[in-house]
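Structure assessment
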Amino acid sequence: MAIPSNISGFSVIPILYNASTTHYLYARSHTSKGHSNKVLPEGRTLFLVNLPPDTTERELVLFFKHSGTVEKVIFDFDVKELQNEASDSEDEDEEMEDAEADGTDEQPRKKRRSQRDKTEIPTVIPLPSPTLRKFRKTGSSAYVIFLDSSSLDRALASTSKPRAWPSSDEEPSGLSHYRALYDALRPPLDAVRAFADSSIEVYEYELAKSRQKSKYRKGEAIVDDDGFTLVTRGGAYGKTLGGGVGVASKTFQRSGESARNRHHKKEKKEKEGFYAFQKAEKQRSGLIELKRKWEEDKAKVEKLKASRRFKPY
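Residues numbered from 1 in each chain as written. Predicted model: local features only at pLDDT ≥ 70, side-chain atom pairs only at ≥ 80, totals over all residues. Heavy atoms only, no water.

1. Remarks on a nonpolar patch on the surface
A cluster of nonpolar side chains, namely Phe135, Leu175, Tyr178, Leu181 and Leu185, defines an oily patch on the protein surface of about 530 Å² accessible area. For leucine 185, the location among the structural elements is in the loop between α5 (175–184) and α6 (189–212). (Patch = residues over 30% accessible without salt bridge, like charges linked within 9 Å, V, L, I, M, F, W, Y side chains within 5 Å. Areas by Shrake-Rupley, 256 points an atom, 1.4 Å probe, with all protein chains shown as cover. Salt bridge = Lys/Arg side-chain N within 4 Å of Asp/Glu carboxyl O. Helix = DSSP H or I, 4+ residues; strand = E, 2+ residues; numbered from the N terminus.)

Printed below as a string of structure tokens:
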């Protein structure tokens, strides 16, 4: 059965995995719209459909090498991210042009490198990760960007004869891929030890760095448990770290309790009688305690009467 050379505007490209397996790609020239004109230039971009699930960029570059130089290969899920980056870069360029027009573009002052900047910051030593091919969904698409438009024409013209699909030793396929994945998930103990030690070192560095920062903010008063404001010198110009020096309030002088403790007690008291069942439970426990005391007093009276009744004269 003869395979048509063109289906719905797509050129059919047969590829050979081996002597008995043939796969078909569908290709056409890409037409750009909006921001994609910069990411996917019109006249140099080939749109491919029905790629093998384990296709890599290197394999596509080698497959279309006879047509011309391939500048870039972009797979289907990466196009939107590149378009967003292109639109963001356009906005930044417009802002810079507006700033230059207003004359507000000033050179930033050079900061002196302090002794802290010279401190070596620890980094995590990563585990060894071999280059493995990424599996995509069946029938995925890609954009092959050539260096010139003539290369695109040659790629669409030479689609009749099946050509062998290139193989890459750097990115194993088939059973070799899963063997490499198995080895990658079981790194040597030396690499695991280096990764663990460097991770702990980074954690201790971040912990020490957070402890060096003061828990008080500039402008806030530092108050002790008794309600008095502490005088603490801080800052480069000798300013107090807190909000100034103050005396204890008159309420604290009378009661001996700070506002924080009074508020805590008041809040606790309000929460105790917040629900209706709490009030009922409190009344019930009070009645039980009153009945218990009454029984104790009654027993004491009976005991006293009995002792007076049998007292010898």
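2. Points about the side chain of threonine 45
Looking at where threonine 45 falls in the secondary structure, it is placed in strand β4 (residues 45–51). For threonine 45, a relative accessible area of 0% gives the class buried. Reaching out from threonine 45, the side chain makes a polar contact with the backbone oxygen of proline 41 at a distance of 2.7 Å. Among residues more than four places away in sequence, those in contact with threonine 45 are Arg28, Ser29, His30, Leu40, Tyr143, Val144, Ile145 and Leu152. (Buried < 20%, exposed > 50% of the residue type's maximum accessible area, 1.4 Å probe, protein only. Polar contact = N/O pair within 3.5 Å; in protein donor to acceptor, adjacent residues only side chain to side chain. Contact = heavy atoms within 4.5 Å.)

3. Let's talk about the packing of aromatic side chains
Applying the stated criterion to the full structure yields 6 aromatic pairs. Three or more aromatic residues link up through ring pairs in this structure, and these residues are Phe63, Phe64, Phe146 and Trp165. Arginine 136 extends its terminal NZ or CZ atom over the ring of phenylalanine 75, reaching a point 3.5 Å from the ring centre. (Phe/Tyr/Trp six-rings, centres within 6.5 Å; stacked < 30°, edge-to-face > 60°. Lys NZ or Arg CZ within 6 Å of the ring centre and 35° of its normal.)

4. So, the confidence of the model for the protein chain
Here the protein chain averages 76 in pLDDT, and 64% of its residues register 70 or above. Below pLDDT 50 for its whole length, residues 235–246 participates in 27 contacts with residues either more than four positions away or in separate chains. (pLDDT = per-residue confidence, 0-100.)

5. A closer look at the pairing of strand β3 (residues 21–29)
Relative to β3, strand β2 (residues 10–18) runs antiparallel, the two sharing 7 bridges. Opposite asparagine 18, over in β3, you have threonine 21 as the bridge partner. With 4 bridges joining them, β3 and β4 adopt antiparallel strand pairing. Bridge pairing links tyrosine 26 to valine 49 in β4. (Pairing = 2+ DSSP bridges.)

6. Some thoughts on the pairing of strand β6 (residues 140–146)
Here β6 lies mainly inside the structure; 7 of its 7 residues are buried. Because side chains alternate across β6, one face comprises the buried residues Ser140, Ala142, Val144 and Phe146, and the other comprises Ser141, Tyr143 and Ile145, equally buried. With 5 bridges joining them, β4 and β6 adopt antiparallel strand pairing. Of the residues in β6, the one forming a bridge with leucine 51 is serine 140. Pairing analysis gives 5 bridges linking strand β5 (residues 70–75) to β6, with the strands arranged antiparallel. Bridging from a neighbouring strand, phenylalanine 75 pairs with alanine 142 of β6.

7. A look at the pattern of salt bridges
Counting across every chain of the model gives 7 salt bridges. Two residues, arginine 133 and aspartate 54, come together in a salt bridge whose shortest N-O distance is 3.8 Å. Here the residue arginine 133 occupies a position in the loop between α3 (79–102) and β6, and aspartate 54 occupies one in the loop between β4 and α2 (57–63), the gap between them amounting to 79 residues. The residues arginine 133 and aspartate 54 share a single accessibility class, namely buried. Residue glutamate 59 pairs with arginine 133 through a salt bridge whose shortest N-O separation is 3.0 Å. With glutamate 59 in helix α2 and arginine 133 in the loop between α3 and β6, the pair connects residues that are 74 residues apart, well separated along the chain.

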